[in-house]
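Structural features, examined
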Amino acid sequence: MSLGDYLIPLAPEFIMLIGACAALIVGLTQTDDRRQFVSPFALLVVLAALVATVWLGSPTAETVSPPGLWLTSLTYFARLITLVIGALIVLVNWHQPVAEERGEYMAMLLLSLLGITLTASANDLIVLFFAIELVSVPTYVIIALSRTDSRASEAAVKYFFLGAMAAAILAYGMSFLYGAAGTTTLFSLTGGAVASLWQNGADLGPQAIIGLLLVFGGLAFKVAAVPFHVYAPDVYEGAASPVTGLLGFVPKFAGFLALIKVLSALNWELPTEVFWVLWLMAAATMTLGNALALLQTSAKRILAYSSIAHTGYMLVALLVGPVAGSGPMHDGVAALLFYMAVYGAMNLGAFALLSAFRSGDRDTETLDDLAGLARRAPMAALALAVCVFSLMGFPPTAGFLGKLYIFSSAFSLDAAHPYHGAMVALAIIGVLNSAVGAAYYLRIVAAAYVREEVQEAKPTGGMPLRWGLALCAIPMLVFFAWPSRLAGEARDATASVHQSIRADQGKVTAAEHGQADLASRDVIGSDTP
Amino acid sequence: MLSIGLTHYLVVAAVLLCTGLFTIMTKRNAIGILIGVELLLNAANVNLVAFDRFREGGLFDGQIMALFIIVLAAAEAAIAVGICINVYKNLATVDVDSARQLQG
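All figures in this text were calculated on a predicted structure; none of them were measured in a lab. (Residues numbered from 1 in each chain as written. Chains lettered and ligands numbered in written order. Predicted model: local features only at pLDDT ≥ 70, side-chain atom pairs only at ≥ 80, totals over all residues. Heavy atoms only, no water.)

1. Looking at the packing of aromatic side chains
Residues and elements named next belong to chain A.
- Taken as a whole and judged by the stated rule, the model has 22 aromatic pairs over all chains.
- Each ring, one from Y159 and one from F221, has its centre 6.1 Å from the other, and the planes form 25°; the classification is stacked. On the criterion of sequence distance, the pair formed by Y159 in helix α8 (residues 150-181) and F221 in helix α9 (residues 206-223) is long-range, its members being 62 residues apart.
- Judged by relative accessible area, Y159 falls into the buried class, the value being 4%.
- We classify F221 as buried; its relative accessible area is 6%.
- Geometrically, the ring pair formed by Y172 and F176 is edge-to-face, given 5.2 Å between the ring centres and 90° between the ring planes. On the criterion of helical spacing, the pair formed by Y172 and F176 is a turn pair, its members being 4 residues apart in helix α8. Here Y172 and F176 have matching classes, each one buried.
- Among the aromatic residues, ring-to-ring pairing joins Y140, Y159, F160, F161, F221 and Y231 into one connected group. (Phe/Tyr/Trp six-rings, centres within 6.5 Å; stacked < 30°, edge-to-face > 60°. Helix = DSSP H or I, 4+ residues; strand = E, 2+ residues; numbered from the N terminus. Buried < 20%, exposed > 50% of the residue type's maximum accessible area, 1.4 Å probe, protein only.)

Encoded structure:
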């Protein structure tokens, strides 16, 4: 087996890594006209990685996974979605920081995207932890660079210290998981059979439960779930709007991918305590996010609390878990992945609109700033309306289908499922919350369409930003009319999750599992198959 | 004579964790908070190395992870100092209490 067999399946990752280094170097040049190349270059890198992803296709059983990674259909889905939305993020951030800092900025953005795809492929707690940190650490820098005023540096301080604390808690939790399992490998892949970290016989004693709770706490910070959401509104408000659009998607997607990884390593059989903690977290996240959003007057803070509420909906799908052989209508994981893709675009679109206008000498932030937008810029207001209706979950937008999939997956759970009643109750809480959410989303649309102009909104940003806004809004309508392709990709992406859980049927004892794990490493470590 | 076992190390790590959390909650200076975060990361390191030492089997997953966490701590310190300088330029202090323009 040659080196190429290991490297070629990782081509999109290498393209992003090399591109990030090159962007850093280009950013160091002293002339402004050369720095102008950074944004087109970043877009080119993302598109090249996307082409490489499509060219490689979904990994098959023959694809060689390098040590510590497991390339699956989930990797493929994560690459596609990350890179498509990554391209939109680059467009929206085209003119974002001052030219002197754009090289660093785009390099950090590329590294963050690289972290997401690595999270989706991680097969080891070590790789998983550092992939998540590769997502988080660049975002601290991005916030600090996003604008020069003191609010951005305050947001960076808050996000950094809380984020670093969450990372340390995550590492501490993982140390307990390692102590309980005796290995950091999530799935051993010997001879085509997949065995997860906690095959039935493994010790799910107090040590593992402490570890799991700490890991979920650390990841809850990344996805902004209650009670680890407190930073979100301040950070979202302090960072420049295009960056806020990024913050709603990048850490959240990585966090949910990591949750999927950890839960599938557990065969989705949660200890009762852990299930109820997550259940309460989902219910509280939806309810608190929506309730606090109602009290806000700043459009940015409304969207920040709405992103917390969306985390709650996605947690519902996560708790439903995988249901083999079905699409997102019944399979919670597929519904979660579909929702994540749609959410990334619609959330980015809403923040792209905020960055496309300035009110007087300030960035557009409050509802007053948006007042009368429809008369001044009808197309932009239409794009905002589409994105906001999609966030609300109103047909004819993809956001409606996303919510429909999540709640139908919870309602259609098998009646024999141990938590059937609890999940139905959670879905009902979710549906009620969506209705409450309509109230504050409608205030945004009403400000743009019904109210008189308070202050003149001047267009800002260039054509790339406008293209980014349009490309966020149009798919919302397209995927409502034609969801089968995206839903199909989401269904295929869960194949590896099902595979790791089905493998559990052939019950292997913990000791055998440990030996199999050692054997698998020997195979990977040597040069012959 | 008392022999040192796994539990002793876990207790040390837990004490480190609590000290770190206490530092983060009470310190108002950004550098002080950074020291608290470093304590938390080292609590994880002590745990990892202790679990590694007291289990059967020949792999060193825990020690490898601890090594990488040391690297992460260094990277985070670099970014923390960068962010602190940024704050100092804007506010002329690194006292986190003075950073309260964003409320809600």
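2. Topic: the sheet that holds strand β5 (residues 457-459) of chain A
All names here are of chain A.
- The strand order β4-β3-β5 describes an open sheet built from 3 strands, whose pairing is antiparallel. In this open sheet, the two strands that pair with only one neighbour each are β4 (362-363) and β5.
- The pairing of strand β3 (residues 357-359) with β5 spans 3 bridges and is classified as antiparallel. Bridge pairing links R358 to K458 in β5. (Pairing = 2+ DSSP bridges.)

3. Regarding the interface of chain B and chain A
- Of the residues lining the interface, 42 residues belong to chain B; the matching set on chain A comes to 43 residues.
- Both faces combined, the contact of chain B with chain A buries some 3,700 Å², and carbon together with sulfur accounts for 74% of it.
- In this assembly, chain B and chain A are joined by 0 salt bridges.
- Across the chain B-chain A interface, the total number found is 5 residue pairs in polar contact (both at pLDDT 80 or more). (Contact = heavy atoms within 4.5 Å. Buried area = accessible area lost by both parts, 1.4 Å probe. Salt bridge = Lys/Arg side-chain N within 4 Å of Asp/Glu carboxyl O. Polar contact = N/O pair within 3.5 Å; in protein donor to acceptor, adjacent residues only side chain to side chain.)

4. Considering a nonpolar patch on the surface
All names here are of chain A.
- On the surface, a cluster of nonpolar side chains totalling about 460 Å² of accessible area is made up of L3, L7, F14, L17 and I18.
- Of all the secondary structure elements, the ones that give two or more residues to the nonpolar patch are α1 (3-7) and α2 (11-28).
- Ranked by residues supplied to the nonpolar patch, first place goes to α2 with 3 residues.
- When its relative accessible area of 36% is taken as the criterion, L17 is described as partly exposed. (Patch = residues over 30% accessible without salt bridge, like charges linked within 9 Å, V, L, I, M, F, W, Y side chains within 5 Å. Areas by Shrake-Rupley, 256 points an atom, 1.4 Å probe, with all protein chains shown as cover.)

5. Quick word on the side chain of S496 of chain A
Residues and elements named next belong to chain A.
- Mapping S496 onto the fold places it in helix α22 (residues 495-502).
- Judged by relative accessible area, S496 falls into the buried class, the value being 6%.
- When near neighbours in sequence (up to four residues on either side) are disregarded, S496 contacts W70, T72, S73 and L74.

6. Concerning unusual backbone geometry
Residue and element names in this part refer to chain A.
- Across the junction of V226 and P227, the peptide omega takes the value 5°, indicating a cis bond.
- Cis geometry is found at the peptide bond from P395 to P396, where omega equals 5°.
- Following the sequence through the fold, P396 ends up in the loop between α17 (378-392) and α18 (398-411).

7. Examining the pattern of salt bridges
Residue and element names in this part refer to chain A.
- Within the structure shown, the criterion is met by 13 salt bridges over all chains.
- Residue E133 is joined to K222 by a salt bridge in which the shortest nitrogen-to-oxygen separation is 3.6 Å. On the criterion of sequence distance, the pair formed by E133 in helix α7 (residues 125-146) and K222 in helix α9 is long-range, its members being 89 residues apart. No difference in accessibility class separates E133 from K222, as the two residues are buried.
- Three or more residues are tied together by salt bridges with common partners; here these are E154, K158, D234, E237 and R301.

8. Describing the confidence of the model for chain A
All names here are of chain A.
- Looking at chain A as a whole, its pLDDT mean stands at 86, while 91% of the residues score no less than 70.
- Within chain A, no element has a lower average pLDDT than helix α23 (residues 510-525), which sits at 37, and none a higher one than helix α5 (residues 73-92), at 95.
- pLDDT under 50 marks residues 505-529. Its contacts with residues more than four places away, or in other chains, come to 29 contacts. (pLDDT = per-residue confidence, 0-100.)

9. Here's the deal with the packing of helix α14 (residues 332-355) of chain A against helix α21 (residues 484-493) of chain A
Residue and element names in this part refer to chain A.
- Between α14 and α21, the least distance of the axes is 8 Å, while the angle of their chain directions is 130°. Considering the angle they form, α14 stands oblique to α21. In this structure, α14 crosses over α21, and the sense of that crossing is right-handed. Contact residues: A334, L337, F338, A341 and V342 in α14; L486, A487, A490, R491 and A493 in α21. (Axes fitted to C-alpha atoms, helices over the stretch in contact; angles between N-to-C directions. Parallel < 35°, antiparallel > 145°, perpendicular 65-115°, else oblique. Left-handed = near helix turned anticlockwise from the far one by under 90°.)

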